[in-house]
Amino acid sequence: MKIRDGDLYKIVELFGHTFELRYGFYEEYEREKGEPIPIYPDFKKAPLYTKEGFPFVTQMQEMCKHGSSSFDEGLCVDCIYYRDGEELIGICTNNKNKKGEL
């Protein structure tokens, strides 16, 4: 069965929120290269928070200015404040990034 743009990849429930992950393309030029891939939310463009006020992040986001990692230019997954969820989505547990603290 061929995967099509917009097909459901997975439904994930994390920290009180439900995410529908669908197949697609991040950039238009990627359509020419092959099959759609799972598309993850862009929490920088559309922030979302847990009921406790912690922001959702993806593992592949660039670490913020409050992050702490042994890598100079780490990703959220490398940060000591990253709390893993499922399917490359987690939360940032740094109090400086909590909603209302920004």
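On a predicted model such as this, the values are computed, not experimentally measured, just so you know. Position numbers for residues count from 1 along each chain, tracking the sequence in the order it is written. Reporting of local features is limited, given that this is a predicted model, to residues whose pLDDT is at least 70; pairs of side-chain atoms are given and counted only at 80 or more, and all residues count toward the totals for whole chains, interfaces and linings. To obtain the side-chain values, all non-hydrogen atoms of the structure were used and water was disregarded.

Draft legend 1. Region of interest: the nonpolar core. We call a set of buried residues a nonpolar core when its members are Ala, Val, Leu, Ile, Met, Phe, Trp, Tyr or Cys and they connect through side-chain atoms within 4.5 Å of each other. Each residue gets one of three labels from its accessible area relative to the maximum for its type: buried under 20%, exposed over 50%, partly exposed in between, using a 1.4 Å probe on protein chains only. Membership of the largest hydrophobic core is limited to 10 residues, which are Val12, Leu14, Phe19, Leu21, Tyr40, Phe43, Phe54, Phe56, Ile89 and Ile91. If you list the elements that add at least two residues to this core, you get strand E1 (8-14), strand E2 (17-24) and strand E6 (89-92). Setting aside residues up to four positions removed in sequence, leucine 21 forms contacts with Asp7, Leu8, Tyr9, Lys10, Val12, Ile39, Tyr40, Pro41, Glu87 and Ile89. In this description a helix means any DSSP run of H or I spanning at least four residues, a strand means any run of E spanning at least two, and both kinds are numbered starting from the N terminus. Between two residues, a contact is recorded if the distance between any of their heavy atoms is within 4.5 Å.

Draft legend 2. Spatial organisation of the sheet that holds E1. Pairing between strands is defined by DSSP: at least two bridges between them are needed. Overall, antiparallel pairing links the three strands, which are arranged E1-E2-E3 in an open sheet. Each of the sheet's edge strands pairs with one partner strand only, and the pair in question is E1 and strand E3 (37-39). On average, each strand axis in the sheet is tilted by 30° relative to the strand beside it, whichever way the strands run. Pairing geometry for E2 and E3, over three bridges, is antiparallel. Looking at the pairing, glycine 24 lines up with isoleucine 37 of E3. To define axes, lines are fitted to C-alpha atoms, for helices over the stretch in contact only, and angles between the resulting N-to-C directions are given on a 0 to 180 degree scale.

Draft legend 3. Structural view of the sheet that holds strand E4 (residues 56-58). Strand order in this open sheet of three strands is E4-E6-E5, and the pairing throughout is antiparallel. Single-partner strands in this sheet number two, and they are E4 and strand E5 (82-86). Going across the sheet, the axis of each strand differs from the next one's by a mean of 40°, ignoring polarity.

Draft legend 4. Focus on a nonpolar patch on the surface. A surface patch of nonpolar side chains, amounting to about 460 Å² of accessible area, comprises Tyr26, Ile37, Met60, Leu75, Val77 and Leu88. Considering the arrangement of structural elements, one finds valine 77 in the loop between E4 and E5. The exposure class assigned to valine 77 is partly exposed, which follows from its relative accessible area of 37%. Patch building starts from residues that exceed 30% relative accessible area and form no salt bridge, then joins like charges within 9 Å and nonpolar side chains (Val, Leu, Ile, Met, Phe, Trp, Tyr) within 5 Å. What sets the accessible areas is the Shrake-Rupley method with a 1.4 Å probe; for residues, cover comes only from the shown protein chains. We count a salt bridge whenever a side-chain nitrogen from Lys or Arg sits within 4 Å of a carboxyl oxygen from Asp or Glu.

Draft legend 5. Representation of the pattern of salt bridges. Scanning all chains against the criterion turns up seven salt bridges. We note a salt bridge from arginine 22 to glutamate 20, for which the minimum N-O separation is 2.8 Å. Relative accessible area serves as the criterion here: at 35%, arginine 22 is assigned to the partly exposed category. Where arginine 31 meets glutamate 28, a salt bridge forms, and the shortest distance between an N and an O atom there is 3.0 Å. On the basis of relative accessible area, arginine 31 is assigned to the partly exposed category, the value being 38%. For glutamate 28, a relative accessible area of 58% corresponds to the exposed category.

Note that all results are geometric; they support no functional claim without further evidence.
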